[in-house]
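# Summary of the model geometry
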Amino acid sequence: MSDQNVLDLLRSSWQVLGKPARASVRRLVNYQIVTTAFVLAAQLAMIALAWAGIALPDEVSVGFLVLVFCLEIYGYVLVLYAHRAVKADYFARTFPDENNPARLHWNAGYGSLLAVALLALSMVVPNLLSLAITVLLGDVYALSNFSAALWLLLALILVPTCCKRFAQPRR
């Protein structure tokens, strides 16, 4: 599939989604971007303080780790909300009758595919930033690069797949 076809698929799928689903996905992506910016700024501030010779108490580092953990948990909650919204939108479009037996064909595989695609989509910008920073620092073979590249690959594969499956415009 060419790049233009993928972009057309993403645009048309975005337009097909209802307002609640689009708002939920947008909230998830924006949250990940803002959270990444905050964590990066805090890490840079701690590095600058360390270079200036100011030692931070251990409680600050532990508190920062707890805060990052809580931010990650809330990010997963937002994935859950986006998942529910996209699934509800898909059901409303594809199976308008609430008692339609075709709704029973939704299984854990579809749910997992959609959840991983939403998570990968929300982490595109943070993973690109992570790759850029570690390459700039000269640590090309870092494990974080492998993880970021894997999530980017998952986004490239799963997001178009889910767009075709769950948000394909009716023709």
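Description of the structure in this document.

Calculation notes
- Residues numbered from 1 in each chain as written.
- Predicted model: local features only at pLDDT ≥ 70, side-chain atom pairs only at ≥ 80, totals over all residues.
- Heavy atoms only, no water.
- Core = buried A, V, L, I, M, F, W, Y, C linked by side-chain atoms within 4.5 Å.
- Buried < 20%, exposed > 50% of the residue type's maximum accessible area, 1.4 Å probe, protein only.
- Helix = DSSP H or I, 4+ residues; strand = E, 2+ residues; numbered from the N terminus.
- Contact = heavy atoms within 4.5 Å.
- Expected span 1.5 Å × (residues − 1).

### Structural notes on the nonpolar core
Counting 27 residues, the largest nonpolar core has Leu28, Val86, Tyr90, Trp106, Leu114, Leu118 and Phe166 as the members making the most contacts within it. Of all elements in the fold, only α2 (19-51), α3 (58-94), α4 (108-122) and α6 (143-166) reach the threshold of two or more residues within this core. Counting residues per element, this core draws most heavily on α3, which supplies nine residues. Beyond its immediate chain neighbours, meaning those up to four positions away, phenylalanine 166 contacts Tyr90, Arg93, Trp106, Tyr110, Leu113 and Leu114. Among the nonpolar cores identified, the runner-up in size contains five residues, and Leu9, Ala120, Val159 and Cys163 belong to it.

### As for the environment of serine 13
Looking at where serine 13 falls in the secondary structure, it is placed in helix α1 (residues 3-16). For serine 13 and serine 130, which are 117 residues apart along the polypeptide, the C-alpha to C-alpha distance reads 28 Å. Those residues in contact with serine 13, other than ones at most four positions away along the chain, are Cys163 and Ala167.

### Here's the deal with α2
Compared with an ideal rise of 1.5 Å per residue, which puts 33 residues at 48 Å, α2 spans 47 Å between its outermost C-alpha atoms and is within 8% of the ideal. All buried positions along α2 are accounted for by Ala21, Arg22, Ser24, Val25, Leu28, Tyr31, Gln32, Thr35, Thr36, Val39 and Ala42.

### Remarks on the side chain of serine 24
Looking at where serine 24 falls in the secondary structure, it is placed in helix α2. Each residue touching serine 24, except ones within four places of it in the same chain, is listed here: Tyr81, Ala82 and Ala85.

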